[in-house]
Every structure is written in structure tokens, then in C-alpha cells.
Amino acid sequence: FFSPSITNLKYWGRCEPITSKTLQLLNDLSIGYPFGKGSQIPKKFLVKLSAVQFMLNNHTSEHFSFLGINNQSNLADMRCRTTFYTALGRLLMVDLG
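Values in this document were obtained by computation on a predicted structure and should not be read as measured data.

Draft legend 1. How the structure looks around the side chain of Thr-19. Topologically, Thr-19 is positioned in helix α2 (residues 16-31). At 3.0 Å, the side chain of Thr-19 and the backbone oxygen of Trp-12 are in polar contact. Sequence-distant contacts of Thr-19, that is, excluding residues within four places in its chain, are made with Leu-9, Trp-12, Gly-13, Arg-14, Phe-66 and Cys-80.

Draft legend 2. Representation of the packing of aromatic side chains within the structure. Overall, the coordinates contain five aromatic pairs when judged by the stated rule. Judged by centre distance (5.4 Å) and plane angle (85°), the rings of Phe-66 and Phe-84 are edge-to-face. Of the two residues, Phe-66 sits in the loop between α4 (50-57) and α5 (75-96) while Phe-84 sits in helix α5, which places them 18 residues apart along the sequence. For Phe-66, a relative accessible area of 0% gives the class buried. On the basis of relative accessibility, which here comes to 0%, the residue Phe-84 falls in the buried class.

Draft legend 3. Inspection of the side chain of Asn-27 at higher detail. With respect to the helices and strands, the residue Asn-27 is situated in helix α2. Not counting the four nearest positions on each side in its chain, Asn-27 is found in contact with Thr-83, Thr-86, Ala-87 and Arg-90.

About the thresholds
- Residues numbered from 1 in each chain as written.
- Predicted model: local features only at pLDDT ≥ 70, side-chain atom pairs only at ≥ 80, totals over all residues.
- Heavy atoms only, no water.
- Helix = DSSP H or I, 4+ residues; strand = E, 2+ residues; numbered from the N terminus.
- Polar contact = N/O pair within 3.5 Å; in protein donor to acceptor, adjacent residues only side chain to side chain.
- Contact = heavy atoms within 4.5 Å.
- Phe/Tyr/Trp six-rings, centres within 6.5 Å; stacked < 30°, edge-to-face > 60°.
- Buried < 20%, exposed > 50% of the residue type's maximum accessible area, 1.4 Å probe, protein only.

The structure is reproduced here in C-alpha cells:
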């Protein structure tokens, strides 16, 4: 269920509206945001997904263009980087125990 989000981040990294909404979903999932009536996706399950493992192992601009720093970087790109690394940090803490 999370693979389309990775696709968005990999191939639509220069489209700020798509990137920011996808990262907001990742951020919500990383804090355990409840979906529906009292249901929430356990973070331990989320960390085991291959898509999340891919992000944890490949968090560079080579894979996610919005992480690159260049002359065209703007405030929106910086916000996206901050949200991305904040969510990854939370997921990494779950993985570490």
C-alpha cells in the first residue's frame, strides 16, 4: 500500500504539491496518525515494509530529487527535506527499539 508513495517521491520529486502531500502522509504514518475509527497502522509493521526499508537505506538525492541542493533550491524544497528526515528519524527510532 505504500509503494505508490515511494514512486511519487522518486519520480515526482520536483513537483512540490505531490511531494509535500506524499511527505505529509509519511509524516502522519510515522507518528501513528489514526485512520478511521480508532484504527492505526502499527509503526513496527510500517518499518518492515520494503518501501520504507528502501527509504531508510537510500535517503539521498540520487534516489529522491527533492533532497538535492542546487542553485534552484527554494524554501519548499527545504520544508520537504525537513519533513522527510523527521519522518525517517521517527521510523528509525522504532526500528532501533
